[in-house]
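Summary of the model geometry
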Amino acid sequence: MTSPAPFAPPAPVPAVRMPALPADATAGGLAFHRLLFARRLSGWWTPLAVGAIAFVFYVVMLVVVMVIVGIASFADPQILNGILELSENPQSFDMTDPFLLALVLGTIVLMLPSYLLASLIINGKRVGLISSAAGRLRWRWMLLCGAAAVVVFAVLSAVSMLLPVEAPPSTPPSENPLWAVTLVVLLVLVPLQAAAEEYIFRGYLMQSIRRWLLHPAFAILLPVPLFVLGHLYDIWGQVGVGLFAVAAGWLTWRTGGLEAAIALHVVNNLSAFLISLTGGADAGDTSLGPISTLSSAVLIGAYVGVVEWLLRRRARRGRALPRTLVLTPPVPPAPAPYAPAVPQPGL
């Protein structure tokens, strides 16, 4: 004789807390300055942690470099003299000394691996989101923007030759026996130096500020004073640097990535150094006048206009550049299916 077992209700399914996504993550997509929400950790504290760890990495790398330079200075006392002169005028660039030039540019380049490692440790994988909404550096787009910047610079530089601007000359190649070595240093390190600054000021700072403040204007404008303070120019030069920073921030937001800003930065810096290498002007000159600032503003404005035209041209051809990242909402696990109790044999 068997008797049915008492009815057994299904075991309760434990509640699973799913990570909350902001509304724009699933509707419209996250713009560049909001991409932190697509990383593994995106708490309010993560930008502070990334900045602290990146600073530690940078100091460690800098100490290693300084130790190597210190050892080299024992073999060549001229290196130490150059470093002492550089400490008195950090903005000076001696085109006849490629070693010191590489040292100045290299210390800036170190910011890039420091930030990449810190972001990977704190925010987890998908570190490519610090480059663009595509999760990577869009090389074709960056090269296209670079070509546009070269054309704009070439045209406006030809026009600016007609303006009464006096710039202090630098050492011509005929008096610089190491000009070829300096050229190689510039071609290798200037793009990395420009990219490092963009990853910090338009990448890290924009995504950090937008984690705390709502409007994108904060992410574009608040890093500007810090960028300006990093360049030791006179008041006219500072105005030009500020305009550059605003344009780079707007381009990063508008295009959904750092590529357009990096291209502008690389072409701007590289052209200044190459002109200095040919003896045309001193790249370390900090006394810029209103005409130079006006020329810089026209150049930046023209480049921004060309990039905007390229964006709209791609959209008309059905190849719109992705500016945002749409996330799929996390799906909670389904509860286990209910299985009725099986009668057990009884006496």
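Up top is the structure these notes are about.
Residues numbered from 1 in each chain as written. Predicted model: local features only at pLDDT ≥ 70, side-chain atom pairs only at ≥ 80, totals over all residues. Heavy atoms only, no water.

What follows concerns the packing of aromatic side chains. All told, the structure shown has 4 aromatic pairs when counted by the stated rule. Taking the centre distance of 6.0 Å and the plane angle of 15° together, the rings of F227 and F244 count as stacked. A residue pair is termed long-range when its members are at least 10 positions apart, and F227 in helix α9 (residues 223–229) and F244 in helix α10 (residues 235–255) qualify at 17 residues. Members of the aromatic cluster, each reached through a chain of ring pairs, are F201, F227 and F244. Above the ring of F227, the side-chain terminus of R202 is found at 4.4 Å from the ring centroid. Directly above the aromatic system of W253 lies the positively charged group of R323, at a separation of 5.2 Å from the ring centroid. (Phe/Tyr/Trp six-rings, centres within 6.5 Å; stacked < 30°, edge-to-face > 60°. Helix = DSSP H or I, 4+ residues; strand = E, 2+ residues; numbered from the N terminus. Lys NZ or Arg CZ within 6 Å of the ring centre and 35° of its normal.)

For the rest of this paragraph, the subject is the packing of α10 against helix α11 (residues 259–277). Where α10 contacts α11, the axes come no closer than 7 Å and their chain directions differ by 150°. Across from F244, A248, L251, T252 and T255 in α10, the residues of α11 making contact are A260, A261, L264 and H265. Among the residues forming the contact of α10 with α11, the class breakdown is 6 nonpolar, 3 polar and no charged. (Axes fitted to C-alpha atoms, helices over the stretch in contact; angles between N-to-C directions. Contact = heavy atoms within 4.5 Å. Nonpolar A, V, L, I, M, F, W, Y, C, P; charged D, E, K, R; others polar.)

With that out of the way, let us pick up the layout of surface pockets. Of the pockets and cavities examined, the second largest pocket occupies roughly 320 Å³. Around the second largest pocket sit 17 residues that line it, and W139, M142, P191, I262 and V266 are the ones nearest its centre. Sorting the residues of the lining of the second largest pocket by element identifies α5 (111–123), α6 (139–160), α7 (179–212) and α11 as the ones contributing at least two each. It is α6 that provides the largest number of residues to the lining of the second largest pocket, a total of 6 residues. (1 Å grid on protein atoms, 1.4 Å probe; cavity = no way out; pocket = protein on both sides within 12 Å on 5 of 7 lines; lining within 4 Å. Points joined across faces, edges and corners; volume = space filled by probe spheres on them.)

Another aspect to go through is the nonpolar core. One finds W141, Y199, I262 and Y303 to be the most contacted residues of the largest nonpolar core, which totals 59 residues. Counting only elements with at least two residues in this core, the list comes to α2 (46–75), α5, α6, α7, α9, α10, α11 and α12 (290–316). Tallying contributions element by element places α7 first for this core, with 8 residues. Ignoring sequence-local partners within four residues, the contact set of W141 consists of T255, E259, A260, V307, L310, L311, R314 and L321. Counting residues in hydrophobic clusters, the runner-up holds 12 residues, among them M95, V185, L189 and L277. (Core = buried A, V, L, I, M, F, W, Y, C linked by side-chain atoms within 4.5 Å. Buried < 20%, exposed > 50% of the residue type's maximum accessible area, 1.4 Å probe, protein only.)

The next thing to look at is the packing of helix α4 (residues 98–109) against α5. Packing of α4 against α5 leaves a shortest axis separation of 5 Å and a crossing angle of 15°. With respect to α5, the axis of α4 lies roughly parallel. Residue-level inspection shows T107, I108 and V109 of α4 in contact with α5, the latter providing M111, L112 and P113. In the contact of α4 with α5, the residues fall into 5 nonpolar, 1 polar and no charged. (Parallel < 35°, antiparallel > 145°, perpendicular 65-115°, else oblique.)

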